[in-house]
Structure formats: structure tokens, C-alpha cells
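# Structure assessment
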Amino acid sequence: MNSHWVSYLPSFLRIRLDGKHNLQRILNNTGWLFFDKILRMGVGALVGVWIARYLGPEQFGQINYAMAFVGLFGAIAVLGLDSIVVRDIVRKLDGVNTTLGTAFVLQLFGSLMAIILITVTITWLRPDDLITKMVVAIISATLFFKSTEVIKYWFESQVQSRYTVWVENIAFVITTGIKVSLVLLQASLIAFVWVILAEAVMISIGLLFIYERQGGRISAWLPQVSRAKSLLKDSWPLLLSNIAIIVYMRIDQVMLGEMLGAKSVGFYSAANRISEIWYFIPVSIASSVFPAIISSKAINQEIYLDRIQKLYDFMSLISISVSVVVTLCSKQIISILYGAAYIEASPILSIQIWSGVFVAMGVARGKWLLSENLQHVGYWYVGISMIVNVIGNFILIPSYGGLGASVATLLAQATTSLGAPALFRSTRISVAMLIKSLNPARWFLLISLFFKK
């Protein structure tokens, strides 16, 4: 029996989806993830722009510097367990309570470790900057609540992301209302920072509540030392890879803040918010099709590779389309959204947006690495890319500011997706498939296959 929403589609789409229950589940799950991000993209972007206008480039840069700084340590809190937990639950459902309980405890310890490192590092870098240390301390507290995200992994493995979407959007709507009130009341910067922590707390409580409501039992979680060793054995390459990824995605804002001050971070962050706003699309698609890709690998290698290639093709199609449109309209986008005070962010956006092409490739290829159990290889070439970005920032930021940081990030993303993987025999096939996905003929073929009856 078809999902109820299929009946509302045009006839040519109903025919295409009729009887394909697995595809319907994927589209349904992706739809909920899209709803989550579209709501945030719509309402959140408007309120975010309003806050940016209210705070101005200086204070806006201050809060974004703090978020980027905390983000550098965020991977330690997650420990690279997200995709590993999803994979293991799909493969072995009967051990779910052991897996969830162990992952929860591991991420709890990871969060505490990250908070300690953040506190020590910011005190060393900014010993006399009380405001920055206070902002960083409040935002770092959000990492403590990341341990409950293991519940998200459970719903993702069951292709039921709508439940986590409910929780996150309720918290989002409440905190967005609070932020609007703070702007109207002309509140201080610190007040907006406390709202960031409040949202993390609400999401954590909501995830625990919805998990229990859907039949899960947190009391049944059973952490095991042997399971912890098994999870960490598989996840440490992803942890190192995630650390490198975060460094080359966030170090630019931290280095801009240290070299040129908070105002430069404000311009860069304004462009960055727009360039990254659509990243939910490749992440949502890859997360939704991952269970189907894992399942097909055990059934038929040809089908498995075909699904991977189609995923690559689709990622290239949407990422390049977005990049072309934003590049042509960057000045108008910045002027309309942020106003004349942020016009210096326009050329930065024109470069930043192209990093999305390689981000989309990396998201898709990351699922292939996981299904092939090659996540350990990812550490090496992401590490190479991190070095490219850090060196690029050191060379380019002093002379070109945010524009130079954008170029350095673009080079690092390209190195991650295509350059470094080509150095390893085990991942060269993925490079060839990604390059193949850049052929426009494949995009038209993909579109025609979808609309073909």
C-alpha cells in the first residue's frame, strides 16, 4: 500500500512512485528533514538577518567567533559515532540498547573533555578579554547536551526523522520568539548567547521525551566496556577526520578574529551563513538513502554502485546549480538581507558558495566510505586538506582578509573531495565517479529517468 501523501501528487509522479515502498520511505524521511531545514532557512534566516543588523558587524562577528571557536572542539563531543551507530543498528537491531547506551556514555565523556579543552585554550588566547571568555563559556555548555543526540541516530536508522524534526522545530520556534523579543527590548549580546544554550537544553529534553513516547526505554540502555571498545575502534578514524573537517571549516573565522578583529569575522560570517544555508539538502538526501545503499551492497554489487553514482550525479547537479545562481546575485543578496553595512561580504559570498560543490561531493562520498569500511582512509586526506586550509589562511588573510580566507577554504574543500583521495588506491574509484558526475549529460539523464513513466 502506498504512503498517503502519494495520492496528492500529480499523476506522472504517482505512476513513478507506485508500489515502490522503499523509495517512498526515503522521500518521506527526506521530506521531513527538508521541512525542518526549510523552516529554519525561512524563519531562521529572517530573524538571523534581523539580529545581524541589530548587533552590527562587530558584535555579530564576536558571537560568530565564539561559535566557531567552540565548533573547533565539537567533534570531540561526538567522537565520530553518529554514522557508526546508525550503521550498526541497521545491521544488528537486537543489540540496539547496548549500542545506544554505550554511545550515550561515550559522548557524555567526550563533551566534558571538549568543554575542559575549550576553557583552557580560550583562557590562554584571550586572558584579558572577559566578554569573549564569557560568550565562549556559555556556548561551550551546549556540548554537554549533545550526548542525547544518540536518539537522533536511532530515528535516522529507522528512517523516521520526523520525530526529531518535531522536537528541534518546537525548540527553534520558542527560541526564535525569544530572540525577536530581545531585539525589540534592545538586549545585550550576552542575552542572545544564553538563548543558544537554552535551545540546546530544550532539544535534549525533547529528544528524551519523544523517544520514550515512541516505545523506547532509556532505562534499558546498557553501556558495555566491550561495546565501547568496538565503537571507538570503528569511529576513531571518523573522529580524526571530523576534527580535521571542522578545523578547515571553522579555523578561518578564528584566524580572522585573531588577525584582523571581530568586524572582519562579521562580514565573513554574514556571507558564510548564506553559503551554508542549503547544506541541509545534500546531508538530508545522503542520510535518507544511506540505509538503502547499505542494503543493496549485500544484494547486488551492480545495483549498489549504480545507486552510489546516481547519488553523486544528483549532488553535483544541485550544488553547481545553486553556486551559479548565488554567484550571479551575490551583491543583491547581501544588500537585501543585511543592508549597506555588510556590503563587503558580497565578493566573499561569490567565492564561498562554490565550496558547496565539494561539500556535497564529500557528504555523498562519506557514505560510500562508511559502507566500504574505508573511513580510516578519510582521516589522511582530510588531514591533508586541513593543512592546505591553515597554510592558505596564514598566507592569504593578512593581504586579502575574508576574501583570502574564502579562497583557502575552497582549495581545502577541493583537496578533500578530489585531490587527496586520488593519492590512495582504495579511494581512486570514488574520485573517478565524482568526476564523472560533473558531466552535464548525466544530469539530464538523471532527470529524464526520474520523470520517465
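Scoring rules and cut-offs
Residues numbered from 1 in each chain as written. Predicted model: local features only at pLDDT ≥ 70, side-chain atom pairs only at ≥ 80, totals over all residues. Heavy atoms only, no water. pLDDT = per-residue confidence, 0-100. Helix = DSSP H or I, 4+ residues; strand = E, 2+ residues; numbered from the N terminus. Contact = heavy atoms within 4.5 Å. Expected span 1.5 Å × (residues − 1). Buried < 20%, exposed > 50% of the residue type's maximum accessible area, 1.4 Å probe, protein only. Core = buried A, V, L, I, M, F, W, Y, C linked by side-chain atoms within 4.5 Å.

On to the confidence of the model for the chain, then. Across the chain, the average pLDDT comes to 83, with 88% of residues at 70 or higher. Element-level mean pLDDT values for the chain span from 58 in helix α1 (residues 11-17) up to 93 in helix α15 (residues 346-352).

Within the element layout of this structure, Ala414 appears in helix α17 (residues 375-419). The spatial distance from the C-alpha of Ala414 to the C-alpha of Phe358 is 5.8 Å, given a sequence separation of 56 residues. If sequence neighbours within four positions are ignored, Ala414 has contacts with Phe358 and Gly419.

Its 25 residues give helix α9 (residues 189-213) an end-to-end C-alpha distance of 37 Å, which sits within 8% of 36 Å, the value for a rise of 1.5 Å per residue. Looking at the residues trailing α9, positive phi occurs at Gly215, about 100 degrees.

This part covers the environment of Ser321. Mapping Ser321 onto the fold places it in helix α13 (residues 301-328). Residue class for Ser321 comes out partly exposed when judged on its relative accessible area of 37%. Counting along the chain gives 36 residues from Ser321 to Val357, while the straight-line C-alpha distance between them is 9.3 Å.

Considering soluble globular proteins, one finds that nonpolar side chains tend to be buried as a cluster. Formed by 91 residues in total, the largest nonpolar core has its most connected members in Phe69, Met315, Tyr338 and Tyr342. No other element matches helix α2 (residues 21-71), which puts 12 residues into this core. If sequence neighbours within four positions are ignored, Tyr342 has contacts with Ala52, Arg53, Gly56, Pro57, Phe60, Gly266, Phe267, Ala270 and Ile334.

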